[in-house]
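The chain contents come next:
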Amino acid sequence: MDENREKATEDFVTERVNYHGENENEATADAYMALKNTYQELENALKGTEHAQLLRDCENAYHLADGESTRFYYNAGLNDGIRALTQR
């Protein structure tokens, strides 16, 4: 693949990934808000207690959810890009 086409393909796929990231569905947004609110409540409740491990576990779960969400949007954008590039 020549450099111009490779750059155009990369830019297009990046645009599709960004599109999906900026247009998440309501269920995903609701899930993140619930997680954020629960984390903040847990953080406030556990400050200075011996239950700090619970907070770390919650934080780890949040980071896992964030990584999976990013992977989902990347795959959705990549699939859009591939479909657009292979349609005739």
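Residues numbered from 1 in each chain as written. Predicted model: local features only at pLDDT ≥ 70, side-chain atom pairs only at ≥ 80, totals over all residues. Heavy atoms only, no water.

J.: Describe the overall build of the protein, with residues and values.
T.: Per the secondary structure count, the protein includes three helices and zero strands. Seen in sequence order, the protein has helices and strands lined up from the N terminus as α-α-α. A compact globule built from 88 residues should have a C-alpha radius of gyration of about 12 Å, whereas the protein, at 19 Å, is more than 25% larger. Relative to its full complement of 88 residues, the protein shows a buried share of 18%. Of the contacts formed within the protein by residues at least 6 apart in sequence, a portion of 74% connects residues at least 24 apart. Accessible surface, the protein as shown: approximately 6,900 Å² in total, 52% of it carbon and sulfur. (Helix = DSSP H or I, 4+ residues; strand = E, 2+ residues; numbered from the N terminus. Rg over C-alpha atoms; globule rule 2.2 N^0.38 Å. Buried < 20%, exposed > 50% of the residue type's maximum accessible area, 1.4 Å probe, protein only. Contact = heavy atoms within 4.5 Å. Areas by Shrake-Rupley, 256 points an atom, 1.4 Å probe, with all protein chains shown as cover.)

J.: Lay out the environment of glutamate 41 in plain terms, naming residues and giving numbers.
T.: In this structure, glutamate 41 sits in helix α2 (residues 26–46). On the basis of relative accessibility, which here comes to 57%, the residue glutamate 41 falls in the exposed class. C-alpha separation for the pair glutamate 41 and leucine 55, spaced 14 residues apart in sequence, amounts to 10.0 Å.

J.: Got a sec to walk through α2? Specific residues and values, please.
T.: For α2, which comprises 21 residues, the first-to-last C-alpha distance of 30 Å matches the rise-based estimate of 30 Å (1.5 Å per residue) to within 8%. Inspection of α2 places Tyr32, Tyr39 and Leu46 among the buried residues, and these make up the whole buried set. The arc enclosing the buried residues of α2, seen along the axis, measures out at 80 degrees, which places them on a common side. Projecting away from the buried face of α2 at angles above 90 degrees are the exposed residues Glu26, Ala27, Glu41, Asn44 and Ala45. (Expected span 1.5 Å × (residues − 1). Arc of directions from axis to C-beta.)

J.: Tell me about a negative patch on the surface, and please be specific about residues and values.
T.: There is a patch of like negative charges on the surface, built from Asp2, Glu3, Glu6 and Glu10. In this fold, glutamate 6 is placed in helix α1 (residues 3–22). (Patch = residues over 30% accessible without salt bridge, like charges linked within 9 Å, V, L, I, M, F, W, Y side chains within 5 Å. Salt bridge = Lys/Arg side-chain N within 4 Å of Asp/Glu carboxyl O. Lys, Arg positive; Asp, Glu negative; His and termini not counted. Charge placed at Lys NZ, Arg CZ, Asp CG, Glu CD.)

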